[in-house]
Amino acid sequence: MTYTITEKADLTHLNTLGLPVIASRLIEVFSLSGLITLSEEGFFRKENPFILGGGSNILLKRDLKRPVLKISITGIRVAEENDEDILIETGAGENWHKLVAWAVERNYGGIENLALIPGTVGAAPIQNIGAYGVELEQVFESLQCYDFLNDTEKTFRREECGFGYRDSIFKRELKHRFIITYVTLRLKKKNHIPNTSYHALAAYLEEKNVINPNVGDVFDAVVAIRRSKLPDPELLGNAGSFFKNPVVDKSIHQRISKDYPEVPAYPAAFGQVKIPAGWLIEKAGWKGRKVGNVGTYENQALVIVNHGGATGEEIYNHAMRIKESVKNMFGVELVPEVNVVE
Ligand code: EPU
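These numbers were taken from a predicted model, which means no experiment stands behind them. (Residues numbered from 1 in each chain as written. Predicted model: local features only at pLDDT ≥ 70, side-chain atom pairs only at ≥ 80, totals over all residues. Heavy atoms only, no water.)

Chemist: Help me out: how do you make sense of the overall build of the protein in this one?
Modeler: Broken down by element type, the protein carries 8 helices and 20 strands. The proportion of buried residues among the 342 residues of the protein is 48%. Long-range contacts, defined here as pairs at least 24 residues apart, represent 62% of the contacts in the protein between residues at least 6 apart. Carbon and sulfur atoms make up 48% of the accessible area of the protein, which totals about 16200 Å². In the protein, 40 positive and 43 negative side-chain charges are present, and the distance between their average locations comes to 5 Å. (Helix = DSSP H or I, 4+ residues; strand = E, 2+ residues; numbered from the N terminus. Buried < 20%, exposed > 50% of the residue type's maximum accessible area, 1.4 Å probe, protein only. Contact = heavy atoms within 4.5 Å. Areas by Shrake-Rupley, 256 points an atom, 1.4 Å probe, with all protein chains shown as cover. Lys, Arg positive; Asp, Glu negative; His and termini not counted. Charge placed at Lys NZ, Arg CZ, Asp CG, Glu CD.)

Written as structure tokens, this is what we have:
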């Protein structure tokens, strides 16, 4: 079986916000040959599909008239290795956390800080997922994708992906041009130096008296920290951080710090600073606040949650109210990290 088709598909369980959206058609593809068959049947000439991964970073505002293409290509395999490094090639449809756990079990270093990030492996490079001091680009080797306009396969190496903070070429110039099929990561078998630079991670390890953390210690710590701060989408619908942390000129941070000397800031490129959006949203009074079926998470103001029964429009309107009040209070423009699908 290379693909399946469901007419009028309910996507409630295919998006982590749990929005009850209906897609005119859902096509689930299990292999590259499935994509090729679809292409030969003229699918990509006739349709403009929405590509779905794990549905953990999308806000579906309404029912989708376009067909939805869910990429379920699986498999984790060793592509190459030497004494020190190992290249792991993974199907785009594998669950990201499953890959992290697979690597940690074998003591391969590099992605332990990225534990518990919801979503699929194929979606990871699109927004260059990152957490606790590590971003995907640091371990990314290459990806394979299917160019459905030209019916060819293509490989992108790291330097061709234009990675930035929660950003890549696949979110910009190449949006809707390629379907990612496989991702290859370069992990460490030997001489791995765990990254414990992130404040919350270092503090957690110190509290537990872990002096020289190994891959498993960092993984356990990240899992514990995330569980304490971020809601489990199985229990409370959410899409992780709703907005990006804004990167602003130092002068803006200085202006805010006149009224709020405690405002946090982290260095960013070009002499700018990153201010945690969660801090701005909390100061604007939104943390833990519930409006109808929608709310802001009580332990992390950057996460918008569906308390049950919310629609995409409601979530979107809530987000826009937050954006407006942060703008009015601090003069800082929040930009969604979540992909808003019209
Ligand atoms: N903060 C508050 N109030 C809040 C939340 C945060 O004041 O309600 C302040 C605190 O000063 C805290 C700081 O913000 O020290 C940073 O908070 P946290 O460590 O939770 O990280 P974040 O900047 O809010 C980012 C990522 C997360 C990632 C964590 C850990 C973005 C948009 N988000 O959040 O990624 O897990 O760092 O590295 O960059 C995601 O992308 O979906 C995601 C969850």
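Chemist: Looking at this structure, I do not really get helix α5 (residues 215–229). What am I missing?
Modeler: Residues that lie three or four places apart on an α-helix share one face, since the helix turns once every 3.6 residues. For α5, which comprises 15 residues, the first-to-last C-alpha distance of 21 Å matches the rise-based estimate of 21 Å (1.5 Å per residue) to within 8%. Turning to α5, its buried residues are V215, V218, F219, A221, V222, V223, I225 and R226. Tucked into the core, α5 has its buried residues touching α3 (96–105), β8 (130–131) and α4 (199–207). (Expected span 1.5 Å × (residues − 1).)

Chemist: Quick question: what am I supposed to make of the nonpolar core here?
Modeler: As a rule of thumb, nonpolar side chains are buried together in soluble globular proteins. L35, F44, L69, W96, I111, L185 and L187 are the most contacted members of the largest nonpolar core, which totals 59 residues. By residue number, the principal contributor to this core is α5, which donates 7 residues. Here this core gathers at least three residues from each of two domains, domain 1 (3–71) and domain 2 (76–188). Sequence-distant contacts of L69, that is, excluding residues within four places in its chain, are made with I27, V29, L35, L38, F43, F44, P49, F50, I51, L52 and I179. If you look at the next biggest cluster of nonpolar residues, it comprises 42 residues, including A277, W286, A301 and I322. (Core = buried A, V, L, I, M, F, W, Y, C linked by side-chain atoms within 4.5 Å. Domains from an automatic or database assignment.)

Chemist: What am I meant to see in the state of the cysteines here?
Modeler: Every disulfide links exactly two cysteines, by a covalent bond between their sulfur atoms. If you walk through the whole model with that rule in mind, you get 0 disulfides. Left without a disulfide partner, C145 is nearest to the cysteine sulfur of C161, which lies 8.7 Å away. (Disulfide = S-S within 2.5 Å.)

Chemist: What is the right way to look at the site of the ligand in this model?
Modeler: Near the ligand there are 23 residues, and of these Y132, Y165, Y198, E282 and E337 occur at the shortest range. At 3.5 Å from a nitrogen atom of the ligand is found a main-chain nitrogen or oxygen belonging to G278. Out of a free accessible area of 820 Å², the ligand has 83% covered by protein chains. For the shell around the ligand, the element with the most residues is helix α7 (residues 277–283), which contributes 3 residues. Of the residues assigned to the shell around the ligand, the class counts are 11 nonpolar, 5 polar and 7 charged. Two domains share the shell around the ligand, each providing at least three of its residues, namely domain 2 (76–188) and domain 3 (237–341). (Near = heavy atom within 4 Å. Polar contact = N/O pair within 3.5 Å; in protein donor to acceptor, adjacent residues only side chain to side chain. Nonpolar A, V, L, I, M, F, W, Y, C, P; charged D, E, K, R; others polar.)

Chemist: Explain the packing of α3 against α5 to me, please; I cannot follow it from the model alone.
Modeler: For any two helices packed against each other, one specifies the crossing angle of their axes together with the interaxial distance. It is the contact of α3 with α5, at a shortest axis distance of 10 Å, that shows an interaxial angle of 150°. In terms of orientation, α3 and α5 fall into the roughly antiparallel class. Contacts from H97, V100, A101 and V104 of α3 reach α5 at V215, G216, F219 and V223. Across the contact of α3 with α5, the residue classes break down as 6 nonpolar, 2 polar and no charged. (Axes fitted to C-alpha atoms, helices over the stretch in contact; angles between N-to-C directions. Parallel < 35°, antiparallel > 145°, perpendicular 65-115°, else oblique.)

Chemist: Explain unusual backbone geometry to me, please; I cannot follow it from the model alone.
Modeler: Trans peptide bonds make up the majority, and among non-glycine residues the majority have a negative phi. Phi at N128 takes a positive value of approximately 45°, unusual for a residue other than glycine. Tracing the backbone through its elements, the reader meets N128 in the loop between α3 and β8. For N128, a relative accessible area of 0% gives the class buried. You will see that N209, though not glycine, has its phi angle at about 60°, which is positive. Position of N209 among the secondary structure elements: in the loop between α4 and α5. What makes N209 exposed here is its relative accessible area of 62%.

Chemist: Would you take a moment to explain the packing of α4 against α5 for this structure?
Modeler: Contact pair α4 / α5: the axes reach a minimum separation of 10 Å and the direction vectors enclose 110°. In terms of axis orientation, α4 runs roughly perpendicular to α5. On α5, the residues that touch A200, L201, Y204 and L205 of α4 are D217, V218, A221, V222, A224 and I225. The class makeup of the residues in the contact of α4 with α5 is 9 nonpolar, no polar and 1 charged.

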